[in-house]
Amino acid sequence: MQDTELFLSLAEIAGVFVGFGALIAVRSGGPSDAAEVTMIQWVLVNAVWVVVVALAPVTLARYGVAGHELWLVCSLVALASFVGMFIVWRRTPEARESMEGVSWAEGLKGMALNDALLFPMSAALILVVLGLVPDQEPALYLSAVVLGLFLTALTLLVLVFMPRRPRAA
């Protein structure tokens, strides 16, 4: 596989985001705001996802899996793991609490950034699974991984610049 170093580098970058997310969680002394906790969790979920999906083709290629089979299996792993991690994340008490009292319009507005990246990320993986553009599968898969990394970075950026509510004494 020709992109081994690139995928390893993306996994390393995502690992840094995992570290930043963990550092924010520890340094903040247990933030009381559910929205802040939810965003930290979302950074970690996305970063861990990027690590997994960046390492998947590198690992499977070592077993001799190549061509469409490699990108098919990796895309299925990427889609299944993202859906699974999303479901687990949405069921956390903080995620449920942060969505209480939020109207559909506010929820959609808040998800606009996520959806702007999640839609093309998912579409790229689905195109690989369907085998519609076999000559572009490595590029589509790489695009999905990079979009996941962008999602992680933008979420961390929003978290850092998010207005903070004063803590109760």
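Residues numbered from 1 in each chain as written. Predicted model: local features only at pLDDT ≥ 70, side-chain atom pairs only at ≥ 80, totals over all residues. Heavy atoms only, no water.

### Observations concerning the packing of helix α2 (residues 34-62) against helix α3 (residues 67-90)
For the pair α2 and α3, the least separation of the axes is 10 Å and the interaxial angle reads 160°. In terms of orientation, α2 and α3 fall into the roughly antiparallel class. For the pair α2 and α3, the crossing hand works out as right-handed. Across from T38, Q41, W42, V45, N46, V48, W49, V53, A56, P57, L60 and A61 in α2, the residues of α3 making contact are L70, W71, V73, C74, A78, S81, F82, M85, F86 and W89. Here the residues of the contact of α2 with α3 sort into 18 nonpolar, four polar and no charged. (Axes fitted to C-alpha atoms, helices over the stretch in contact; angles between N-to-C directions. Helix = DSSP H or I, 4+ residues; strand = E, 2+ residues; numbered from the N terminus. Parallel < 35°, antiparallel > 145°, perpendicular 65-115°, else oblique. Left-handed = near helix turned anticlockwise from the far one by under 90°. Contact = heavy atoms within 4.5 Å. Nonpolar A, V, L, I, M, F, W, Y, C, P; charged D, E, K, R; others polar.)

### Observations regarding the confidence of the model for the protein
Interpreting fine coordinate detail is not advised for predicted regions of low pLDDT. Mean pLDDT over the protein works out to 82, with 80% of the residues at or above the 70 mark. Element-level mean pLDDT values for the protein span from 72 in helix α1 (residues 4-27) up to 93 in α3. (pLDDT = per-residue confidence, 0-100.)

### Focus: the nonpolar core
F7, W49, M121, Y141 and V145 are the most contacted members of the largest nonpolar core, which totals 40 residues. Residue assignment for this core shows that the elements contributing at least two residues are α1, α2, α3, α5 (104-130) and α6 (137-161). Broken down by element, this core gets its largest block of residues, twelve residues, from α2. Not counting residues within four places of it along the chain, the set of residues in contact with Y141 comprises F7, V53, A56, P57, W71, C74, S75, A78, L125 and V128. (Core = buried A, V, L, I, M, F, W, Y, C linked by side-chain atoms within 4.5 Å. Buried < 20%, exposed > 50% of the residue type's maximum accessible area, 1.4 Å probe, protein only.)

### A word on the packing of aromatic side chains
Geometrically, a pair of aromatic rings is defined through the distance of the ring centres and the angle of the planes. If you walk through the whole model with that rule in mind, you get six aromatic pairs. Here W42 and F86 contribute two aromatic rings whose centre-to-centre distance is 5.8 Å and whose plane-to-plane angle is 80°, an arrangement assigned as edge-to-face. On the criterion of sequence distance, the pair formed by W42 in helix α2 and F86 in helix α3 is long-range, its members being 44 residues apart. Since its relative accessible area comes to 5%, W42 is described here as buried. Here F86 falls in the partly exposed class, since its relative accessible area comes to 28%. (Phe/Tyr/Trp six-rings, centres within 6.5 Å; stacked < 30°, edge-to-face > 60°.)

### Examining α3
With 24 residues, α3 should reach 34 Å at 1.5 Å per residue; the first-to-last C-alpha distance of 35 Å fits that figure. Turning to α3, its buried residues are L70, W71, C74, S75, A78, S81, F82 and W89. (Expected span 1.5 Å × (residues − 1).)

### Some points on the packing of α3 against α6
If you want to describe how two helices pack, look at the angle between their axes and the distance between the axes. In the contact formed by α3 and α6, the axes pass within 10 Å of each other and the chain directions differ by 25°. Considered as vectors, α3 and α6 are oriented roughly parallel to each other. The two elements α3 and α6 cross, and the hand of that crossing is left-handed. Here H68, W71, C74, S75 and A78 of α3 lie close against α6, whose contacting residues are E137, P138 and Y141. A class-by-class count of the residues in the contact of α3 with α6 yields five nonpolar, two polar and one charged.

### Structural notes on a nonpolar patch on the surface
A cluster of nonpolar residues, F150, L154, L157, V160 and F161, forms a patch on the protein surface that exposes about 500 Å² of accessible area. With respect to the secondary-structure elements, V160 resides in helix α6. Taking the relative accessible area as the measure of exposure, V160 reaches 47% and is therefore partly exposed. (Patch = residues over 30% accessible without salt bridge, like charges linked within 9 Å, V, L, I, M, F, W, Y side chains within 5 Å. Areas by Shrake-Rupley, 256 points an atom, 1.4 Å probe, with all protein chains shown as cover. Salt bridge = Lys/Arg side-chain N within 4 Å of Asp/Glu carboxyl O.)

### Remarks on the side chain of T38
For T38, the location among the structural elements is in helix α2. With a relative accessible area of 6%, T38 lands in the buried category. If we skip the residues at most four places from it in the chain, T38 touches W89, E94, A95 and S98.

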